[in-house]
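# Secondary and tertiary structure notes
Here is what each chain is made of, one letter per residue.
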4 protein chains.
Amino acid sequence: MTLADQPTPVPDGAPGQPAKRGRRADAERNRAAIMEAAGAVFAEHGGTVDVREIARRSGVGMGTLYRHFPTKDDLLLTVLEKQFGSWLADAHQQATATEDPWQALSGFFEQMLTTQAGNRAVVESYTTRGGPTASCAQRCYAFIDELRTRCMDAGLLRPDVTTDDLVLLSGSLSQAVLTTADSRPGQWRRLLRISLDGLSSRNTEPLPEPAPSTEPEPEPSTSPGRSTS
Amino acid sequence: MTLADQPTPVPDGAPGQPAKRGRRADAERNRAAIMEAAGAVFAEHGGTVDVREIARRSGVGMGTLYRHFPTKDDLLLTVLEKQFGSWLADAHQQATATEDPWQALSGFFEQMLTTQAGNRAVVESYTTRGGPTASCAQRCYAFIDELRTRCMDAGLLRPDVTTDDLVLLSGSLSQAVLTTADSRPGQWRRLLRISLDGLSSRNTEPLPEPAPSTEPEPEPSTSPGRSTS
Amino acid sequence: MTLADQPTPVPDGAPGQPAKRGRRADAERNRAAIMEAAGAVFAEHGGTVDVREIARRSGVGMGTLYRHFPTKDDLLLTVLEKQFGSWLADAHQQATATEDPWQALSGFFEQMLTTQAGNRAVVESYTTRGGPTASCAQRCYAFIDELRTRCMDAGLLRPDVTTDDLVLLSGSLSQAVLTTADSRPGQWRRLLRISLDGLSSRNTEPLPEPAPSTEPEPEPSTSPGRSTS
Amino acid sequence: MTLADQPTPVPDGAPGQPAKRGRRADAERNRAAIMEAAGAVFAEHGGTVDVREIARRSGVGMGTLYRHFPTKDDLLLTVLEKQFGSWLADAHQQATATEDPWQALSGFFEQMLTTQAGNRAVVESYTTRGGPTASCAQRCYAFIDELRTRCMDAGLLRPDVTTDDLVLLSGSLSQAVLTTADSRPGQWRRLLRISLDGLSSRNTEPLPEPAPSTEPEPEPSTSPGRSTS
DNA sequence: GATGAATGAGGTTTCATTCAT
DNA sequence: TATGAATGAAACCTCATTCAT
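Residues numbered from 1 in each chain as written. Chains lettered and ligands numbered in written order. Predicted model: local features only at pLDDT ≥ 70, side-chain atom pairs only at ≥ 80, totals over all residues. Heavy atoms only, no water.

An unreviewed UniProt entry lists chain A under the name TetR/AcrR family transcriptional regulator, with Streptomyces paludis as the source organism.

## Examining the overall build of chain A
Put simply, the test is: A run of DSSP states H or I qualifies as a helix once it reaches four residues; a run of E qualifies as a strand once it reaches two. Both are numbered from the N-terminal end. Throughout, exposure labels follow a simple rule: accessible area from a 1.4 Å probe, protein chains only, divided by the maximum for the residue type, with under 20% read as buried, over 50% as exposed, and the rest as partly exposed. Whether two residues are in contact is decided by their heavy atoms, any of which lying within 4.5 Å being enough. Residue exposure ignores everything except the shown protein chains as possible cover, and the areas themselves are Shrake-Rupley values with a 1.4 Å probe.
A count of helical and extended segments in chain A gives 9 helices and 0 strands. Overall, chain A shows an N-to-C arrangement of helices and strands of α-α-α-α-α-α-α-α-α. The buried share of chain A, taken over its 229 residues, is 46%. Across chain A, every contact between residues at least 6 apart in sequence was considered, and the portion connecting residues at least 24 apart equals 71%. With the model as given, the accessible surface of chain A reaches about 11,100 Å², and the carbon-plus-sulfur share is 51%.

## Looking at the protein's contact with DNA strand E
Put simply, the rule is: One heavy atom suffices: a residue is near a molecule or strand as soon as one of its heavy atoms comes within 4 Å of it. Under the rule applied, a polar contact is a pair of N or O atoms within 3.5 Å (in protein, one hydrogen donor and one hydrogen acceptor; residues adjacent in sequence only if both atoms are side-chain atoms). When residue character is reported, Ala, Val, Leu, Ile, Met, Phe, Trp, Tyr, Cys and Pro are called nonpolar, Asp, Glu, Lys and Arg charged, and the others, Gly included, polar.
Around DNA strand E, a shell composed of 42 residues is seen, among which A:Asp50, A:Lys72, D:Asn30, D:Thr64 and D:Arg67 lie nearest. In the interface set of DNA strand E, defined as its atoms within 4 Å of the protein, sugar plus phosphate atoms amount to 60%. Between DNA strand E and B:Asn30 there is a distance of 3.1 Å, counted from a phosphate oxygen to a side-chain nitrogen or oxygen. In the environment of DNA strand E, a phosphate oxygen lies 2.9 Å from a nitrogen or oxygen atom belonging to the backbone of C:Val51. Contributing elements (two or more residues each) for the surface near DNA strand E: helix H2 (51-58) and helix H3 (62-68) of chain A, helix H1 (23-45) and helix H3 (62-68) of chain B, helix H2 (51-58) and helix H3 (62-68) of chain C together with helix H1 (24-45) and helix H3 (62-68) of chain D. Partitioned by chemical class, the residues of the surface near DNA strand E number 14 nonpolar, 15 polar and 13 charged.

## A closer look at the protein's contact with DNA strand F
If you check the shell around DNA strand F, you find 42 residues, and the closest are A:Asn30, A:Thr64, A:Arg67, D:Asp50 and D:Lys72. Looking at DNA strand F alone, sugar and phosphate atoms form 63% of those within 4 Å of the protein. One of the backbone nitrogen or oxygen atoms of B:Val51 is found 2.8 Å away from a phosphate oxygen of DNA strand F. Between DNA strand F and B:Lys72 there is a distance of 3.0 Å, counted from a phosphate oxygen to a backbone nitrogen or oxygen. Of all the secondary-structure elements, those providing two or more residues to the surface near DNA strand F are helix H1 (24-45) and H3 of chain A, helix H2 (51-58) and H3 of chain B, helix H1 (22-45) and H3 of chain C together with helix H2 (51-58) and H3 of chain D. Among the elements that line the surface near DNA strand F, the one with the most residues is H3(A), at 5 residues. Looking at the surface near DNA strand F, its residues break down into 14 nonpolar, 15 polar and 13 charged.

## Re the UniProt feature "DNA-binding region" (unreviewed entry) in chain A
Formally: UniProt positions are given in the numbering used here, feature names are shortened, and annotations may be inferred rather than shown by experiment.
Here the UniProt-annotated "DNA-binding region" (unreviewed entry) positions come out as residues 50-69 of chain A. Across residues 50-69 of chain A, the secondary structure splits into 75% helix and 0% strand, with the terminal C-alpha atoms separated by 15 Å.

## Examining the pattern of salt bridges
Convention followed: We define a salt bridge as a side-chain nitrogen of Lys or Arg found within 4 Å of a carboxyl oxygen belonging to Asp or Glu.
Across all of its chains, the model carries 49 salt bridges over all chains by this definition. A:Asp165 is the salt-bridge partner of B:Arg190, the closest N and O atoms lying 2.7 Å from each other. Residue B:Arg190 is located in helix H9 (residues 188-199), and its partner A:Asp165 is located in helix H8 (residues 163-180); the two belong to separate chains. Here B:Arg190 falls in the buried class, since its relative accessible area comes to 3%. For A:Asp165, a relative accessible area of 1% corresponds to the buried category. For B:Arg57, the salt bridge is made with B:Glu53, and the minimal N-O distance between the two is 3.7 Å. Here the residue B:Arg57 and the residue B:Glu53 both occupy positions in helix H2, the gap between them amounting to 4 residues, near one helical turn. The class of B:Arg57 is partly exposed, set by a relative accessible area of 43%.

## Considerations on the packing of helix H6 (residues 120-128) of chain B against helix H8 (residues 163-180) of chain B
Residue and element names in this part refer to chain B. How we decide: All axes here are fitted lines through C-alpha atoms, helices being fitted over the stretch that makes contact, and every angle between N-to-C directions spans 0 to 180 degrees. By the definition adopted for this analysis, an angle is roughly parallel if under 35 degrees, roughly antiparallel if over 145, roughly perpendicular if from 65 to 115, and oblique otherwise. Should the near helix be turned anticlockwise from the far one by less than a right angle, the crossing is termed left-handed; should it be turned clockwise, right-handed.
With their axes 10 Å apart at the nearest point, H6 and H8 run at an angle of 135 degrees to one another. Considering the angle they form, H6 stands oblique to H8. For the crossing formed where H6 meets H8, the hand is left-handed. For the pair H6 and H8, the contacting residues are Arg120, Val123 and Tyr126 in the first and Gly171, Ser174, Gln175 and Leu178 in the second. Looking at side-chain class alone, the contact of H6 with H8 contains 3 nonpolar, 3 polar and 1 charged residues.

## Looking at the packing of helix H5 (residues 101-115) of chain A against helix H7 (residues 134-153) of chain A
Residues and elements named next belong to chain A. Axis separation between H5 and H7 bottoms out at 8 Å; the angle between their running directions is 150 degrees. For the element pair H5 / H7, the angle class is roughly antiparallel. In this structure, the crossing between H5 and H7 has a hand that is left-handed. On H7, the residues that touch Pro101, Trp102, Ala104, Leu105 and Phe108 of H5 are Phe143, Ile144, Leu147, Arg150 and Cys151. Broken down by class, the residue content of the contact of H5 with H7 amounts to 9 nonpolar, no polar and 1 charged.

## Looking at the side chain of D:Asp197
Take D:Asp197: it is sitting in helix H9 (residues 188-199). The contacts of D:Asp197, once residues within four sequence positions are left out, are C:Arg158, C:Gly198, C:Asn203, D:Arg202 and D:Asn203.

## Brief notes about the packing of aromatic side chains
Inclusion rule: Geometry of aromatic contacts follows a simple scheme: Phe, Tyr and Trp rings, the Trp one being its six-membered ring, pair when their centres are within 6.5 Å, and the pair is stacked under 30 degrees between planes, edge-to-face over 60, tilted otherwise.
Under the definition given, this model contains 16 aromatic pairs over all chains. Between B:Phe108 and B:Phe143 the ring centres are 5.5 Å apart and the planes differ by 90 degrees, which places this aromatic pair in the edge-to-face class. Of the two residues, B:Phe108 is situated in helix H5 (residues 101-115) and B:Phe143 in helix H7 (residues 134-153); the sequence distance between them amounts to 35 residues. Clustering of aromatic rings is evident, with ring pairs tying together A:Phe84, A:Trp87, A:Phe108, A:Phe109 and A:Phe143.

## Points about H1(D)
Every α-helix carries 3.6 residues per turn, so stepping three or four residues along brings you back to the same face. Residue and element names in this part refer to chain D. The criterion, for reference: What a helix is expected to span follows from its residue count: subtract one and scale by 1.5 Å.
Taking 1.5 Å of rise per residue, the 22 residues of H1 would be expected to cover 32 Å, and the 30 Å separating its terminal C-alpha atoms lies within 8% of that figure. Of all the positions in H1, only Ile34, Met35, Ala37, Ala38, Gly39, Val41, Phe42 and Ala43 are classed as buried. In the core, the buried residues of H1 are packed alongside H2, H3, helix H4 (72-97) and helix H6 (120-128). Positive backbone phi, at 85 degrees, marks glycine 46, one or two positions downstream of H1.

## Looking at the environment of A:Ile194
Residue position: A:Ile194 is located in helix H9 (residues 188-199). Overall, the relative accessible area of 2% leaves A:Ile194 in the buried class. Leave out the neighbours within four places in its chain, and A:Ile194 touches B:Arg158, B:Val161, B:Ser195, B:Gly198, B:Leu199 and B:Leu207.

Next up, the structure:
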């Protein structure tokens, strides 16, 4: 509800609203072109690509690029934020429209992995910054927390699963998507199913304690059959 | 004996054979120092670190480094292969010593994630090369296949879980380890438990078909309670 | 009349005369705004400032700026010329009103250094172009020559002081003003006094020969007391 | 005595001392070549020249240049410091060898302006940094202070002349040298003589108060004849 | 064989000037 | 005509690799 706001401050494409200043039309088109090109290029090659590639692909000069984004990193962050934001909006809407809490949760993963996770830059960001952006992380956390609560209230989710667990899982699966994108696309869906099954309330064994900043008791695991007793 | 530090598992020097030329001792010591330093540096900073950092840390000059490894990438691959290989040997030994097939499998994951996955270069390699090396991938695949078979034969593993699934899972969890290494170390163990629970034969729902190079039917998932009927 | 854009101190618009074409008024206002802003910005930061800073400060777009001044250097020269010119007019007027020739001379320096020399662009111009402009240099030379003649005729000035000497002195002191503008403003007045004292006819020792394009005899100087004998 | 130490920490050209490590010979030669080229280029064009020009002139690649000096500014500062330092050493030695205090003072100016002041970078540094370097400024100040004291003790210098005055004068005259370097080289000597005459104890009129951070009383000056009464 | 200085292509960023709106 | 976005040629700096000592 309250979350998943517009990723960009000014939608600018609001119908019936003529562009206030005629000059901005081109600029906005260029900015969009840059962001699109950057999105694609970053997604494909990660955050280390030559900025020139982006300039070339978007059909603008270097100066234009740097007029819109004062820094390469700025561009990257903006792109990530936008992609993430628009994805989050979709995901939220879709989740809201889904009545079954479990379907909402699994649909969320499904959509996220389909949409975002082939994106090299996004996956990189998980390891280099802990997610695209602080804001992204926050919003995403809130959203996932909502999904978790719904499932928990319905008794579908393993009781001690935390939101952090789900967030971490999403990042983890993103990597899987990237890994198999070329060779075996779609294989990640099997991993997703496995994980979801592991999350279900059928599993009663408690999860190991997180123990922040400390190595938790390394008691590894036991044969699954034991959990029934 | 004391010389000839196997970079590759192949022993390379027949025992009892004294070093023919006095220089070899130094060279071998240097090579070892480089590999150790490179291992640490790559693990910490990933594959993009300045080669000089490695030279500095190993106490040799750039020329020496490049005499042993014609290319930065060569060094990286060799290091990954060695680290991976020695880890694999340990893992294999440990798994062989474990009678309970499920324990063997979970112990494998536990050890792998503990040993390898804090390693930035390794995790990077999953996304950039599909694993450290072809040889690594092969050996690892064979090993995991062995573990899978044992579990399968014992009826502990979900019947349609493939070795590819387990390989992918290991890479996926590696990412999770890296992500939370600083902020919440050990949280990955919770994910591991969840995944293992999802892998257990208690889950009877079939996994989605891989369908290579094609989008498999996107039927996402349903509430977990349904699977019993 | 109203057209014809004087770069020189001539006021430019006869009063009571309506602008023939409406646009010209705006254009003239813009030009003035640009020159004022440029004057301030160049004075503060020197000739290397970003042109945009000037455009911003003057409230006009880049296009307008470049319509009025085809080149950054053009703008700089025009500004320098104007500032210099208006200062020169003041100085001339003031000097004319001063009866005491020596007071006229010292007042000239005083006013120049107060008005112009905090100006980074002006001082820079001395070293990069030998003064703001050829025209400036000419007019300034003529003016100083006049002052020199008056002092000389009154027997107040050292007999072999040339106009070039005085011109050079003014540039030299300008640098002093700039150097101490922040740390010790006003210190230059001490230097000025010293220089003026050195210029007075009390000093009878002849000055070294200029010897154009040649190293004059390097006979350095002797203790001042000796000069009487 | 205590001042005017070696500008570079290691003279390196000390006779009879073989270079400790053979490798350094080339490097040192390159470093010297770079500093020489940079000295010339900076002197001629100021601190804004393209670094490539220096690389080209010194016959080394960009990397070499940046190996020795991590930053363009670093190079500039080092060059200035060295030039200044070696000049200062000479100047000090020469001054010490001169018995007549006034000759020592005027010789100092003479030498400084001959040696340093055709140097664009040095003069620039007066306005942008208040001198080449903090260390330079300090040492120079101490040196000039010594000269001033000697003259003062001999009763040759105007009593209220401060060391700051002399420092400022030197910077001011530097500018004069630069200004006339091409057109009328040597003219600055006339200015120097005038200034020195103005500094002599024959001038009894007190200098205006510095009044730090405040506009001192603007009483400009009067005809020189008045000072006798 | 070892060393680390040298190389120079390539990366990011700036800014005087032009041009579409 | 005014605007300010677009341009792209440098400028500074990095780093994988080579080479003289």
